[in-house]
Every structure is written in structure tokens, then in C-alpha cells.
Amino acid sequence: MNARDHILGRIRAALGRTERSREAARAEVKATFDARTAGPHPLFDADLAARFRREAERMSSTIDEVAALADVPAAVARYLDARALSRRGVVWPALAGLDWAGAGLAMETRAAGDMDLVGVTGCFCAIAETGTLMTCSGPRTPAATSLLPETHVAVVPMSRIVPAMEEAWALARSEIGELPRAVNFISGPSRTGDIEMTIVLGAHGPYRVHLVLVRGE
Amino acid sequence: MRSQAMFFKARAGDKLADRQLQANLGKAKSRFVEGRAQAVVDYDAAPGADFEALRDAASAIRDRVLANLDVWLETFEDKARARGAEVLYARDGAEICRLVVDIARRHGVTKAAKSKSMLSEEAGLNEALAAAGIEPVETDLGEYILQINDNEPPSHIIAPVFHKSKEEVAELFARTHHTPKKDDIAGMAREAREVLREHFMSAEMGISGANFLIAETGSAALVTNEGNGRMVTTLPKVHVVVTGIEKLVPTLEDFSTLMRLLPRSATGQRISNYVSVLTGVKGEGDLDGPEHLYVILVDNGRASLVGTEFEPMLRCIRCGACMNHCPVYQSVGGHAYGWVYPGPMGSVLTPLYTGIENALDLPHASTLCNQCGVVCPVKIPLPELLRKLREKQVDLKLRPWRERLALRLWGWVAARPALYGFAARTAVRYLNRRAGGTDRIRALRAVPDWTAGRDLAAPEGRTFRELYAERVGHEGRTKR
Ligand code: SF4
């Protein structure tokens, strides 16, 4: 008997599975998918942006705010200069339309590599409860851009801040249907606490995450 | 990994005498305990939030899947296959190893980058890969430290080097990387990052566990802080997920509920840095992601718990809170337990997965104080399960003959009130004499092991029955 039949067979025997109960179980699965009941969770006040900021800072992200998308390149340049970070980097194809060169930045639109120091991305939406970015992988929004470079800068339109993960899923279902290959929830720079439970920022992913909130979007 | 659980007593003794280990354990435990407590207080402070309601909801989610596990697994399979994943099953550790080595050979893999997977420890996967000429590289910082320290086993399920000091790590790095010895943790982390980055870029295969499988979408969810989980599932062309059949949750909403519990219970974080929900293979036009995805669903003892009194154990989400809060774990550390899973959850799982007769001490390595039951995010009644395992040992006649005889004798005496009263009186007088006027007895010949680690409190003076008789006598008189 192959492993699958063996394991499923043992589970069925343990559950006393019959054709009848199998039908009932299938109906329950369908009902569960149809209902998609959210579990208990906190209720947030109207000011999602304030909550998002607070929580993101708690997770060691830094935050800037601009009036419109067109202001983003200058804000990114300001951030990089203030920390003496490289002006070169990679940017999501989805953000290729912004005038990076105009702000004095050399941003390439391609997959991120090991040597890239700065990665600029957008986000699918952002979650107020935990100060988290949600990114969805795709040809115009590759996953590695927010992972390989030491500095990750993300553009966050304020209209895309939702209360919790549940609302983020609902948005994904209505706007993209099927989940993309990788949904990444990112909350601040990578870190490790493995040695003596002491947290240090910058494990395998970025050392720093900077968020540029965009009001007009 | 071969279980050493039968040597618990001896190993626990060694660990108690290990000063360095005791110092390391002392430093680490309070961070976890305080971190979780603070996280719960913070969570409850938000309007509408109730951590207890969250625990109830989470255990209901886990039970819903277990009640129809076969049908949920079939549902997951269908969804995952539709997205291009190959779903495989493994009965035991040997089968995991065979499947992974086969996959590696099929794709010409010479190096596999691994993010932490306890199941790969269960299976001894690293040894199997190495034997097949494939280089396994652990990329979780803690697991990496263990690997370069001659494949030392982990001592905690989420903090594998819980037992090590930074000096020990610094020496190990200097020795292995041939670099000057560092004295700061950030420097050590950077050094490991640089070494491991090259492995991420060159590995043809990534191996990860899954914290959860989501039936609705056929996805595997991975929770990490370091980002290594993202690396091994984004860069190599082949990704293999090795995970237990019990890891399923029905919907993305259910997953969201569990994600409110897991990081808080594990490290006291509100959320882990990276939570990835991975579905299928690289799509058309995608710039990254694996071209091949395999999901290996493992039994290795799990199916035999379904429908039994031990089924609640399958709700476990591997947060580690039970061991963090366990006074026994805090005293002896994880290695004493002898297999992959330490602490209360390990004391339940090890005998169930590796044979009751192979881990006789573990169900007794607990005071049944229920700290673990109180903090478990999915409300597993750990002390009750430990007690059931003790009962099973007695039923199977696995306890030592002296213990069995003593219990029989006690039972016989207890059924004879006059004799029992006499025996209790005699014992109390004897113990009082041994205490010699103090309130402690330092050593007792009948149970030398027991008194080697602790004092026995001396009885107060008279037996309960004597005191009771006197009191009834008094009251009888006043009433009359
Ligand atoms: S038994 Fe409960 S507390 Fe222990 S690891 Fe599992 S889920 Fe966490």
C-alpha cells in the first residue's frame, strides 16, 4: 500500500469513517469555506494610520509621510542621504514610473541580487493591528526586493491601511482572486534573538525598514 | 534522531550539576516568561480583545480539523495540486529521507539550504542528505550554530541554542570561520549572515517546515524573524516543505486567529517579522520563486493519536510556551529529555511517537503544577495527558517491581482502616524523630534519590485522623 493510502486509511479507521459521514464532512468543509468566520479580535478606533505608525515603529521601522506619490523619490533620497546609504538600488517594476533619476537616485527595475544595497517596494496593503506590510509576489512586485538588500524602503498609500489581517485577505480575494505565489507579511527589519535571547536587528534580511506613507493615495 | 529519552534521569542529574548550563538557563527563562505575560496584558488592553477567547477559538479551530482530518487533507491536496505543488506522504522518518533524497537527485541538487524544521530532526534528514552526497546547510542562526558544533541537537523548539552562552558561540565561530573572536552578538550575527548568504545564493534546493497548512488555498505558512524562511522559499529552484499531517487549518481567517496567539505565546512578540503564505510555484513572468514545489505530509506517529484520549496533543502549534514555563525544563534544559521535543509537550509526544516503553521517565518529569496547561495557546491539558501516560505505564506493567509492590501494599493497607491508622501513626512518629525537632528531613534511606535533590518536609506532629478524632470529640461535647 502506498504511504498516502496507508496514512489516510488509518485516519479513516480511527474516525470510524463511513460514506455517510464522509458526505457530512465534505458539507462541513464547504460550509466553513462559505462562512469564513473571523475569530475574536480587537476593535480599532477610526484612526488606522495612527495605529499603524505606532505599531510599525514598535517593530523598529522608521516612518516618513508625503503628500503625493510624486513626492516619494525625493523622500527616499532624503532618507538615504541622512544615513549615508547608497543612492543606488533596485525598485519594483510597479514603481518604475516614478522619477527616481530626478531625485538623484539610480534605481534599476529588475530582480534584486545579492549585491544590491537598497530595495524599494510598494505594498498590497498595510495592517494597522501590527504595523505590518502585506506584499504579494508577481512579475511587477517580486518578493526578493524586500529581502536581499540591507535597506528596504516601502511606499505605503494611506488609503491601503486596513485594520487587521482578516481585512487584508478580504481585499486580496476581491482584487486578485487567487493568492499569488508568495504573500509576505513584513513587520520591520529582520532580527534574531537566538544568542542569549538578545535581539539584534539584521539577521538574513534587511537591517532597516523605512516606510514612506502617502497621504494623497 | 535516535531517542535517548530512556536516560532522562542520568542526563537530568548531569545537567543539574552543569554550572555553565544553569547560568545560561537562568538568564534566558525569565525573558520568555515575562515577554509572554506582557504580551497578554498588552493584547487584553485593546478594546474588544480577550486573550482567553482567542485560546478558546484556537483550540476549536484545531479540533475542527482533527475531527475530519482525512477530508481536510484531501481538500488541501486538491487545492495545492491545482497550483502546481506535488503533495507526497511519508509514514516515518526513513520515508521522509528517501523522498527528499529522491527529489534532490531528480533535480541535480548538490546543496540544500534549510530553515528550521523539527520534523527534519525527527527524521535525521541532515545525515541522510549528507550520506547521499548532498550538503545540508542549516540557516536559522541557532540551528546553524548547532550544525557547526558537530551536529549538536537543539535544546528548545524555537530557541535551539537556549543552553549556550555568547562566549561559547564566539569561540565556535572563531574556530569554524577562522576569524578573530568577536565579543558582541551583533558582530556574530553579521558573520553568520555573510557565511550563510553565499549558501542561500548557491543552494539549488530549499527545505522548510510549515507552521500551518491552509486548506482553503492549499498554502504553506511560514513564520520567522530572521528571514531565512523567506530565503529558502524564494531563491532556490526547488522548495520542499516537510510538515506533519496535523498542521492544517481550514481558512485564512483561522490562520489569522492562530497568528495572534503563536508569536505572543512563543516570544512575547505581537507578530513575527516575517509571515509568509506560500502557494504553488513561480508564476508566468515572476522574477523569483521556486519552479518546483513539493509538500511532504508526515505521519510518524501522528495518525495513531487521532480519535484517542491523546488527540488534543495534535492541536499543538509548537510555540514552546509550555517548556518556557515548566519548572522542570527550567532546571534541566532541553537536552535531558533526549529526543526532538523537550518540556511538557515533549514528555507527552516522545513516548507517544517513539514508544511508551522507550521514555519511561518523561511522564514523571513533571510536578503536574499545570503552568503549562495555563499558558498553552490551544489549551492542551498537558498534565492530564501526562497522568494518562503514567496510568498506561501501570496498565502495561512497565513500572519497576518495587514501585508496583509498594503501591499494592499501600492499597492493601489503605483498605483496612485500623491498620492504616496504626501505620500512619507509626510513620509520623518515625519521621518526626528523623527530623530531630526541625521541620525538614535532609536524607531518607528508603528514597535516597528523592531526598538527594530536595528536603522532605517533616510532619506537623500528629496524623490527620488523630486531629480529626479530637475535633469531633470536642464538638460532640460542646453540642451536648
Ligand atoms: S503544547 Fe501548547 S504550549 Fe506547548 S508547544 Fe504545543 S501549543 Fe505551545
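A quick note: this is a predicted structure, and the numbers were derived from the prediction, not measured.

## As for the overall build of chain A
Secondary structure summary: chain A contains five helices and twelve strands in total. The buried share of chain A, taken over its 217 residues, is 56%. Expressed as a percentage of contacts within chain A between residues at least 6 apart in sequence, the contacts between residues at least 24 apart total 72%. Of the roughly 8600 Å² of accessible surface on chain A, 53% is carried by carbon and sulfur atoms. For chain A, the distance from the average position of its 25 positive side-chain charges to the average position of its 26 negative side-chain charges is 5 Å.

## Thoughts on the domain arrangement of chain B
Domain parsing of chain B yields domain 1 (5-305) and domain 2 (401-475). Computed over C-alpha atoms only, the centres of domain 1 of chain B and domain 2 of chain B are separated by 49 Å.

## Overview of the interface of chain B and chain A
Contacts between chain B and chain A engage 106 residues on the former and 80 residues on the latter. Roughly 7700 Å² of surface becomes buried between chain B and chain A when both sides are summed, with 57% attributable to carbon and sulfur atoms. Summed over the three residues of chain B that lose the most area to chain A, namely R193(B), R230(B) and E253(B), the buried surface amounts to 9% of that side. In this structure, E178(A) engages R83(B) in a salt bridge whose closest nitrogen and oxygen atoms are separated by 3.6 Å. The greatest single-element share of the side of chain B that touches chain A, amounting to ten residues, is contributed by helix α10 (residues 185-202) of chain B. Across the side of chain B that touches chain A, the residue classes break down as 51 nonpolar, 26 polar and 29 charged.

## Concerning the sheet that holds strand β9 (residues 182-186) of chain A
Pairing is mixed in the open sheet, where eight strands are placed in the order β8(A)-β5(A)-β6(A)-β9(A)-β9(B)-β6(B)-β5(B)-β8(B). Both outer strands of the open sheet, β8 (161-162) of chain A together with β8 (248-249) of chain B, are each paired with one neighbouring strand and no more. For strand β5 (residues 212-214) of chain B and β8(B), the ladder comprises two bridges, and the chain directions are parallel. Of the residues in β8(B), the one forming a bridge with I214(B) is V249(B).

## Topic: the side chain of K111(B)
Residues and elements named next belong to chain B. Along the chain, K111 falls in strand β2 (residues 111-114). Buried K111, no salt bridge; nearest opposite-charge side chain is E135, N-O distance 4.4 Å. Within the structure, K111 has its side chain in polar contact with the side chain of H199 (distance 2.9 Å). If we ignore the near neighbours within four places in the chain, the residues touching K111 are I134, E135, V137, H199, S202, A203, E204 and M205.

## A closer look at the UniProt feature "domain: LUD" (unreviewed entry) in chain A
According to UniProt, the positions carrying the feature "domain: LUD" (unreviewed entry) are residues 118-214 of chain A. Span residues 118-214 of chain A is 11% helix and 38% strand, its end C-alpha atoms 20 Å apart.

## A closer look at the nonpolar core
Soluble globular proteins tend to pack their nonpolar side chains together in the buried interior. Among the nonpolar cores identified, the biggest contains 117 residues, and M134(A), W169(A), F255(B), V277(B), M313(B) and M345(B) are the most heavily contacted of them. In terms of residue count, helix α12 (residues 252-267) of chain B provides more of this core than any other element does, seven residues in total. F255(B) has contacts with M165(A), W169(A), F212(B), I214(B), A221(B), V249(B), V275(B) and V277(B), leaving out every residue within four places of it along the chain. Counting residues in each nonpolar core, the second largest holds 27 residues, with I195(A), A113(B), M188(B) and L196(B) among its members.

## Quick notes on the sheet that holds strand β4 (residues 205-208) of chain B
Pairing is parallel in the open sheet, where six strands are placed in the order β1-β10-β7-β4-β2-β3 (chain B). Here the strands that pair on one side only, and so sit at the sheet edges, are β1 (85-90) and β3 (135-138) of chain B. With strand direction ignored, the average angle separating the axes of adjacent strands in the sheet is 20 degrees. Bridge count between β2(B) and β4(B): three bridges; the pairing is parallel. If you follow A113(B) over to β4(B), its bridge partner there is G206(B). With respect to the sheet, helix α1 (residues 3-15) of chain A is in contact with β1 and β10 (292-298) of chain B, its orientation differing from that of β1(B) by roughly 65 degrees.

## Let's talk about the environment of T267(B)
All names here are of chain B. Mapping T267 onto the fold places it in helix α12. Each C-alpha atom, one on T267 and one on H178, is 33 Å from the other, the two residues being 89 residues apart in sequence. The contacts of T267, once residues within four sequence positions are left out, are F32 and I158. In terms of polar contacts, T267 uses its side chain to reach the side chain of Q269, at 2.8 Å.

## Some points on the packing of aromatic side chains
Overall, the coordinates contain eleven aromatic pairs over all chains when judged by the stated rule. Between F464(B) and Y468(B), the aromatic rings sit 5.8 Å apart at their centres with planes inclined by 20 degrees, giving stacked as the arrangement. Taken as a pair, F464(B) and Y468(B) lie in helix α21 (residues 464-479) at a separation of four residues, close to a single helical turn. Relative accessible area serves as the criterion here: at 63%, F464(B) is assigned to the exposed category. Taken together through their ring pairs, the aromatic side chains of F8(B), F32(B), F162(B), Y329(B) and Y337(B) make up a single cluster. Across the ring face of F124(A), the terminal group of R160(A) is positioned such that the distance to the ring centre comes to 5.1 Å. The ring of Y341(B) has R318(B) sitting right over it, with the charged end atom 4.7 Å from the ring centre.

## Topic: the domain arrangement of chain A
Often, the extent of an interface is quoted as the loss of accessible area upon association of its parts. Taken domain by domain, chain A holds domain 1 (3-35) and domain 2 (48-214). Taken over C-alpha atoms, the centre of domain 1 of chain A sits 42 Å from the centre of domain 2 of chain A.

## Section: unusual backbone geometry
Backbone geometry places E196(A), a non-glycine residue, at a positive phi of 50 degrees. In this structure, E196(A) sits in the loop between β10 (191-192) and β11 (200-201). Phi is positive for N370(B), close to 70 degrees, though the residue is something other than glycine. Checked against the element boundaries, N370(B) lands in the loop between α15 (343-354) and α16 (371-375).

Scoring rules and cut-offs
Each chain carries its own residue numbering, running from 1 in the written order of its sequence. Working convention: letters from A go to chains and numbers from 1 go to ligands, in the order in which they are written. Only residues with pLDDT of at least 70 are given local features in this predicted model, and only at 80 or more are side-chain atom pairs given and counted; all residues enter the totals for whole chains, interfaces and linings. Where side-chain values are given, they derive from all heavy atoms of the structure, hydrogens and water being excluded. Each helix is a run of DSSP H or I of at least 4 residues and each strand a run of E of at least 2, with the numbering of both proceeding from the N terminus. Three exposure classes are used, based on accessible area relative to the maximum for each residue type with a 1.4 Å probe and protein chains only: buried under 20%, partly exposed in between, and exposed over 50%. For this analysis, residues touch if any pair of their heavy atoms sits within 4.5 Å. Where accessible areas are quoted, they stem from the Shrake-Rupley method and a 1.4 Å probe; at the residue level, only the protein chains shown are allowed to cover. When charges are counted, Lys and Arg are positive and Asp and Glu negative, with His and the chain ends excluded. Lysine's charge is taken at NZ, arginine's at CZ, aspartate's at CG and glutamate's at CD. Source of the domain bounds: an automatic or database domain assignment. Note: buried area is the sum, over both parts, of the accessible area (probe 1.4 Å) each one loses when the two are combined. Take a side-chain nitrogen of Lys or Arg and a carboxyl oxygen of Asp or Glu: if they are within 4 Å of each other, that pair is a salt bridge. Note on residue classes: Ala, Val, Leu, Ile, Met, Phe, Trp, Tyr, Cys and Pro are nonpolar, Asp, Glu, Lys and Arg are charged, and everything else, Gly too, is polar. Here a strand pair is declared whenever DSSP counts at least two bridges between the two strands. The definition of a polar contact used here is a pair of N or O atoms within 3.5 Å, where within protein one atom must be able to donate a hydrogen and the other to accept one, and adjacent residues in sequence count solely through side-chain atom pairs. UniProt positions are given in the numbering used here, feature names are shortened, and annotations may be inferred rather than shown by experiment. Within this scheme, the nonpolar core is defined by two criteria: the residues are buried Ala, Val, Leu, Ile, Met, Phe, Trp, Tyr or Cys, and they are joined through side-chain atoms within 4.5 Å. For every element, the axis is a line fit to its C-alpha atoms; helices are fit only across the contacting stretch, and the angle between N-to-C directions ranges from 0 to 180 degrees. Any pair of Phe, Tyr and Trp rings, taking the six-membered ring for Trp, is counted once the centres come within 6.5 Å. Such a pair is stacked with planes under 30 degrees apart, edge-to-face with planes over 60 apart, and tilted for the rest. A positively charged side chain is recorded as over a ring if its NZ (Lys) or CZ (Arg) lies within 6 Å of the ring centre. The angle to the ring normal must also be within 35 degrees.

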